[in-house]
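Structural features, examined
Chain by chain, the residues:
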Amino acid sequence: MTTPKRPDGGDAAHDAKPAPISRREFFRGAGITGIAAATAPLAFPAETSAAADGTPEQIHLTWGGDPAGCVVVSWASPAQAVNPRVILEAPNAAPSVIHALQRTYTDGLNGQTVFTYHAKLDGLTADAQYRYAVTADNDARRHESFAATFRTAVRGRLPFRWTSFGDLATPVSSWLMSSPQSRHAVDAVEQFKPLFHLLNGDLCYANVNPAAQPTVWADFGNNVQRSAARRPWMPCPGNHEIEFCNGEQGMNSYLARYALPDNGTRFPGHWYRFQIGSVLFISLAADDVIYQDSGPFHAGPAPLHPAPSTGHAPIAPGTSLYVRGYSAGAQTLWLEATLAAAQQDTSVDWIIVQMHQDALSSSKNGNGSDKGIRETWLPLFDRYGVDLVLCGHDHDYERSWPVRGCNHHVGRDAATGAPVDTCQPQPVMTAEPAAGGFDTSRGTIHLILGGGGTSSPTDVYGVNPLSTSPQAKVITRTNRAVPGPIPGAFVKPGADALEDAIWSARRDAVTGYGIAVFDLDPGVAGGKTSITMRYYHAVGIDLTPSSSYELYDTVLLIKDRRDDSAMAPRT
Ligand SMILES: [Fe+2]
Ligand SMILES: [Fe+2]
């Protein structure tokens, strides 16, 4: 297990170099070389070879703390880069060089060392276009370096667009959970040209391909590059970002690859917030609060043997990495403080939460809803008026009615039928608005957007056989592995409870693939502001790759702006 090869024998880190988006004449020859020569190279260990391949790949952008003024360029290279840097061209200014900081980790299963680089471009002008190039002294394309453009976020109450889906995987079908649809999904983002994209977890499913995790990540990074190098892709971690032997929460790979806004806790990169115009975006790490055990799992019956170079012991059948409660409440404290601050901030009209797992999902062949989120975070969403929650995890589309509060003791045990408290969310309305849109100051709408591009759509939904109304599976307790039918092997139990999904408004049983497109209308002072969400699903049946996306669902959210001094705080 020492060779990070794909099942098809290729090695994506070396044979799948991404095509540059554009090539800039001014970066060629004396321009880029002259800048590099004038800059002191970063110090590297003596063993670094000039022949090592420092060619940038998997290039992607994220917002810094202030999206109107800061963007981070991140990438990886097959070997350690020498003098990794970004050359930034601002309008009417000479190009400037920004050195990148290195993050590295050694995969705990196959022993491959991964090199990633992060250059923070600060002091940018709001709503402005920039050109940049990425290179290093040992960049094989150094004289024709990768170059692209991006746009900074608006500042103040101005319109903008963002998109979202999760559960993307890679286009390399030989990897478990991957599908060609993930290429079309990236193209869909480019088709809608958002300011940025929210990638709500389960990025590439490296952890179900344990012999080659870094190569799966590379295939993912090179697939998303043609969009993520042009506009920030802001991720949250999902259960498939947790990997055996890669750190306390198994997130060494994810954390090495993404430079995300700081949260001031000892868990940088796990959760964060940023604000664009009048919208506060909060990204959470739901593995911290869910009951479901859905991280890496080795079923057996044979042990999983990490490469000898890692020094890690064999992983016994039935082992999973279950991280519920890892922050010991730090994330929830941060969330409440963030929401409380937003309540006092009249520049915030909207609060959008991104997380991977679901509080309200009625997928029948997927995971279902998790009571851990309902208990821990839904009361905060109610108290501070979160408008929208964007999730993945189940590979389908579902929209809830606006919900506030919950009904107790109305669920039943899936096996015995005994009453169970699932904390069933209460809808505040159960019909589409006759005119206007949903006023989300009355209740929070949850969206399942797990249709990025995996090979396992879950767009079959639960139905109560007696009433024929929607029914949801609910996970109300930990589902640790138990012995299965194969001697020596283990299986994970599914959800333990059922409830009537009285909160479910719309489900897409046609296809599990799609993308949500959000357009903010900031409105005018003293008036209303709105967000229009359009969900486009891939045309055709599941597992038939399609580059064609068509409109399936449209929702208008509308509420009062909060910059009128007479306006009451959020409720
Ligand atoms: Fe997933
Ligand atoms: Fe997931």
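Being a predicted model, the structure only gives us computed values, none of them experimental.

In terms of helices and strands, the protein chain carries eight helices and 32 strands. Within the span of the protein chain, comprising 571 residues, buried residues form 59% of the whole. The contacts of the protein chain with a sequence gap of at least 6 include a subset with a gap of at least 24, amounting to 76%. Element-wise, carbon and sulfur atoms account for 55% of the exposed surface of the protein chain, whose accessible area totals about 20,100 Å².

Turning our eyes to something else, we now look at the packing of helix H3 (residues 181-192) against helix H4 (residues 213-228). At a minimum axis distance of 9 Å, the contact between H3 and H4 shows a crossing angle of 10 degrees. On the basis of their axis angle, the class for H3 and H4 is roughly parallel. Judged by the sense of rotation from one axis to the other, the crossing of H3 with H4 is right-handed. Contact residues: H3 offers Ser182, Arg183, Val186, Asp187, Val189 and Glu190, while H4 offers Asn223, Val224, Arg226 and Ser227. Its residues assigned to classes, the contact of H3 with H4 comprises three nonpolar, three polar and four charged.

Looking now at the coordination of the iron ion (ligand 2). Donor atoms from the polypeptide that bind the iron ion (ligand 2) are Asp202 (OD), Asn239 (OD1), His356 (NE2) and His393 (ND1), placed at 2.1 to 2.2 Å. Given four donor atoms and angles of 90 to 158 degrees at the metal, the environment of the iron ion (ligand 2) is assigned as irregular. Positions of the donor residues of the iron ion (ligand 2), expressed as sequence spacing, correspond to D-x36-N-x116-H-x36-H. Here the iron ion (ligand 1) and the iron ion (ligand 2) are spaced 3.4 Å from one another, each receiving a donor from aspartate 202. With asparagine 239 in the loop between strand E11 (233-235) and helix H5 (252-257) and histidine 356 in the loop between strand E16 (350-354) and strand E17 (369-370), this residue pair connects regions lying 117 residues apart in the sequence.

So, about the sheet that holds strand E4 (residues 96-99). Strand order in the open sheet formed by four strands is E4-E3-E7-E8, and the pairing between neighbours is antiparallel. Two strands lie at the open edges of the sheet, namely E4 and strand E8 (146-151), each paired on one side alone. The sheet shows a mean angle of 30 degrees between the axes of neighbouring strands, taken without regard to direction. Direction of pairing for strand E3 (residues 85-89) relative to strand E7 (residues 129-135): antiparallel, over a ladder of five bridges. Across the sheet, valine 86 pairs through a bridge with valine 134, a residue of E7.

Let's shift gears to unusual backbone geometry. At the junction of glycine 300 and proline 301, the peptide bond is cis and its omega measures out at 10 degrees in the coordinates. Tracing the backbone through its elements, the reader meets proline 301 in the loop between strand E14 (297-298) and strand E15 (319-320). For asparagine 92, which is not glycine, the phi torsion reads 60 degrees and is therefore positive. With respect to the element layout, asparagine 92 can be found in the loop between E3 and E4. Residue asparagine 92 is classed as exposed on the basis of its relative accessible area, which comes to 85%. If you check the backbone angles, cysteine 245 has positive phi at about 65 degrees while not being a glycine.

One broad rule of soluble globular proteins: the nonpolar side chains tend to lie buried together. Judged by nonpolar contacts, the single largest core of 87 residues is most densely connected at Tyr132, Phe160, Trp162, Phe196, Ile276, Phe281 and Phe518. Excluding its chain neighbours within four sequence positions, the residues that come into contact with isoleucine 276 are Trp63, Pro67, Ala153, Val154, Phe160, Leu195, Phe196 and Phe281. Grouped together as the second largest cluster of nonpolar side chains are 41 residues, Leu109, Leu284, Ile290 and Leu304 included.

Further remarks concern the coordination of the iron ion (ligand 1). Taken together, Asp167 (OD), Asp202 (OD), Tyr205 (OH) and His395 (NE2) make up the full set of protein donors to the iron ion (ligand 1), lying 2.1 to 2.2 Å away. One can describe the site at the iron ion (ligand 1) as irregular: its four donor atoms subtend angles covering 89 to 170 degrees at the metal. In the primary sequence, the donor residues of the iron ion (ligand 1) line up as D-x34-D-x2-Y-x189-H. Residue classification places aspartate 202 among the buried positions, given a relative accessible area of 2%. For histidine 395, a relative accessible area of 6% translates into the label buried.

Moving on: the pattern of salt bridges. Per the counting criterion, the structure on display carries 24 salt bridges. Here arginine 226 and aspartate 187 are joined by a salt bridge, their closest N and O atoms 2.9 Å apart. On the criterion of sequence distance, the pair formed by arginine 226 in helix H4 and aspartate 187 in helix H3 is long-range, its members being 39 residues apart. With relative accessibility at 35%, the residue aspartate 187 sits in the partly exposed group. One salt bridge in this structure joins lysine 371 and glutamate 375, with 3.9 Å as the shortest N-O distance. Here glutamate 375 and lysine 371 lie together in helix H7 (residues 371-376), a separation of four residues that amounts to about one turn. Several salt bridges converge on common partners, so that one network encompasses Arg157, Asp349, Arg561 and Asp563.

Summarising the sheet, E3 and E4 pair through four bridges and their orientation is antiparallel. Looking at the pairing, leucine 88 lines up with serine 96 of E4. Counting the residues in the hairpin turn of E3 and E4 gives six residues, including asparagine 92, whose phi is positive at 60 degrees.

Here is what the cut-offs are and how they apply
Residues numbered from 1 in each chain as written. Chains lettered and ligands numbered in written order. Predicted model: local features only at pLDDT ≥ 70, side-chain atom pairs only at ≥ 80, totals over all residues. Heavy atoms only, no water. Helix = DSSP H or I, 4+ residues; strand = E, 2+ residues; numbered from the N terminus. Buried < 20%, exposed > 50% of the residue type's maximum accessible area, 1.4 Å probe, protein only. Contact = heavy atoms within 4.5 Å. Areas by Shrake-Rupley, 256 points an atom, 1.4 Å probe, with all protein chains shown as cover. Axes fitted to C-alpha atoms, helices over the stretch in contact; angles between N-to-C directions. Parallel < 35°, antiparallel > 145°, perpendicular 65-115°, else oblique. Left-handed = near helix turned anticlockwise from the far one by under 90°. Nonpolar A, V, L, I, M, F, W, Y, C, P; charged D, E, K, R; others polar. Donors = N, O, S within 2.8 Å, 3.2 Å for Na, K, Ca; no water. Tetrahedral: all angles 85-135°; square planar, octahedral: opposite > 155°, others 65-115°. Pairing = 2+ DSSP bridges. Core = buried A, V, L, I, M, F, W, Y, C linked by side-chain atoms within 4.5 Å. Salt bridge = Lys/Arg side-chain N within 4 Å of Asp/Glu carboxyl O.

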